[in-house]
Amino acid sequence: MTEARVTRAERQPLDGEAAARVLVAGASGLAGALAAELVWRHPKLELVAVSSRSDVGARLDRLHPHRRVPLTLRELDLAELGEVDAAIVGYPHGAAAPLVAELRGLGAEVVDLSADFRLRDLPSYERWYGPHGEPDLLAGSVYGLPELHREAVREAELVANPGCYPTAALLALAPLAEQGLIADAVISAASGVSGAGRGGADFVAVAENFSPYAVEGHRHQPEIEQELRGLGVGADARVTFLTHLLPIDQGLLATCFVTPARAVAAEELESLYAERYRNEPFVEVAEAPPGVRDVRETNLCRVFASLAGGGERVLAFAAIDNLWKGAAGQAVQNLNLMLGLDEAEGLA
């Protein structure tokens, strides 16, 4: 959308010269629409276009009235669009990879919201998602959980935004994993219906209900295991992951039951989490188990850990907003790092 098509009052409120011209592709989805809004109100990023594969011609702020982005969704034509410095891609897995490859071929830095570049192991990806459209790009992608891979994200040109469940689970478990303290972990996590996208779960089935799903195996399990192994969790450590659907629109809570590899005192556990996250702008160590309302409409993750069973088990909790820290907010956090900006810019 060119500047001539919006009124003066609708022009993007940039603070001086933009650091990058940004495309949000797939902006008609819930996470894509939020990503567009975050870029639109970002003081250093110019939102040059929002695209959609299904709602071409609709204004974004009419399709999603609470997302105040006065741009029209367009069919994506990169040749027509002109120079783009960076992009957030909100396409489903499988559909994202070809567009990411095209954007990278044009020199744009990309944050991909899909699962297409999260798994480093191609056979593992193909087992859970099917054939990969651009496997040559896997080696150059960085898993975009800044709290684990901040320096790699700074240098990256392609970042795979983590899934919402892995974001919460990994932030809950990282302090333990980095110290080799996980012998066994059971992750029970529950998310609001926005995690299923605009086509989400049927209201009648969800309202006043609470139910597990994907009990035979969830696609996010290999993602969680991959990152835990990278943090030092041994191959003999067992990880069980189970998801639930909450009758709310936004929010995600991960509850982790950990059998520690050695005895852990309460004071050590408290110090471990406090020190690990002391300087993290988007992780708060809570004084009690967090709830999803604590972090709604923020890029924050609230974590808490305690001992149970006479010290034989560690309980670790993490609450996030699945559309923010679990998707679009984290994408902007990653993009800030990639562009050399303060990672909290535009996310306050």
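Look a little higher up for the structure.
This text gives an overview of the structure that appears in the document. Keep in mind it's a predicted model, so treat the numbers as computed, not measured.

What follows concerns empty space enclosed by the protein. For the coordinates displayed, the defined rule picks out one cavity of 30 Å³ or more. Considering only enclosed or pocket space, the largest cavity measures out at about 40 Å³ in volume. Looking at the lining of the largest cavity, the elements that each hand over two or more residues are β5 (142-143) and α9 (220-231).

A word on the pattern of salt bridges. Throughout the structure, instances matching the rule amount to 20 salt bridges. The partner of R74 in a salt bridge is E80, with the nearest N and O atoms 2.9 Å apart. Here D184 makes a salt bridge to R238, at a shortest N to O gap of 3.2 Å. On the criterion of sequence distance, the pair formed by D184 in strand β7 (residues 182-191) and R238 in strand β9 (residues 238-245) is long-range, its members being 54 residues apart. On the basis of relative accessible area, D184 is assigned to the buried category, the value being 11%.

Our next topic: the packing of helix α6 (residues 146-155) against helix α11 (residues 324-338). The interhelical angle for the contact between α6 and α11, taken along N-to-C directions, is 35°, at an axis separation of 9 Å. Here α6 and α11 pass one another in a crossing that is right-handed. Each of P146, E147, R150, V153 and R154 in α6 lies in contact with α11, whose residues at this interface are K325, Q330, Q333, N334, L337 and M338. Classifying every residue of the contact of α6 with α11 by side-chain character gives four nonpolar, three polar and four charged.

The next subject is helix α4 (residues 96-105). Where α4 is concerned, the buried positions are A96, A97, L99, V100, A101 and L103. A positive backbone phi angle near 90° is found at G107, which sits one or two residues after α4.

Quick look at the sheet that holds strand β3 (residues 86-89) now. As summarised here, the arrangement of the six strands in space is β2-β1-β3-β4-β6-β5, forming an open sheet in which the pairing is parallel. The sheet is open, and its two edges are formed by β2 (45-51) and β5, each paired on a single side. In this structure, β3 lies alongside strand β4 (residues 109-112), joined through four bridges in parallel fashion. Opposite V89, over in β4, you have D112 as the bridge partner. Here α4 sits on the sheet and contacts β1 (20-25), β3, β4 and β6 (158-160); the angle it forms with β4, its principal contact strand, is near 165°.

Tracing the sequence through the fold places N161 in the loop between β6 and α7 (164-178). Here N161 falls in the buried class, since its relative accessible area comes to 1%. A polar contact of 3.4 Å, which involves the side chain of N161, links it to the backbone nitrogen of A331. Once you skip the residues sitting within four places of it in the chain, N161 turns out to touch V111, D112, L113, S114, R118, G144, A327, Q330, A331 and N334.

Bringing the packing of aromatic side chains into the picture now. Throughout the structure, instances matching the rule amount to three aromatic pairs. Summarising the aromatic geometry, the rings of Y165 and F241 are spaced 5.7 Å apart at their centres and angled 75° between planes, so their arrangement reads as edge-to-face. Separated by 76 residues along the polypeptide, Y165 in helix α7 and F241 in strand β9 bring together distant segments of the chain. Classification of Y165 as buried rests on a relative accessible area of 3%. Take F241: its relative accessible area is 7%, and that puts it in the buried class. Positioned over the ring face of Y91 is R53, at 4.9 Å from the centre of the ring.

The rules we used
Residues numbered from 1 in each chain as written. Predicted model: local features only at pLDDT ≥ 70, side-chain atom pairs only at ≥ 80, totals over all residues. Heavy atoms only, no water. 1 Å grid on protein atoms, 1.4 Å probe; cavity = no way out; pocket = protein on both sides within 12 Å on 5 of 7 lines; lining within 4 Å. Points joined across faces, edges and corners; volume = space filled by probe spheres on them. Helix = DSSP H or I, 4+ residues; strand = E, 2+ residues; numbered from the N terminus. Salt bridge = Lys/Arg side-chain N within 4 Å of Asp/Glu carboxyl O. Buried < 20%, exposed > 50% of the residue type's maximum accessible area, 1.4 Å probe, protein only. Axes fitted to C-alpha atoms, helices over the stretch in contact; angles between N-to-C directions. Left-handed = near helix turned anticlockwise from the far one by under 90°. Contact = heavy atoms within 4.5 Å. Nonpolar A, V, L, I, M, F, W, Y, C, P; charged D, E, K, R; others polar. Pairing = 2+ DSSP bridges. Polar contact = N/O pair within 3.5 Å; in protein donor to acceptor, adjacent residues only side chain to side chain. Phe/Tyr/Trp six-rings, centres within 6.5 Å; stacked < 30°, edge-to-face > 60°. Lys NZ or Arg CZ within 6 Å of the ring centre and 35° of its normal.

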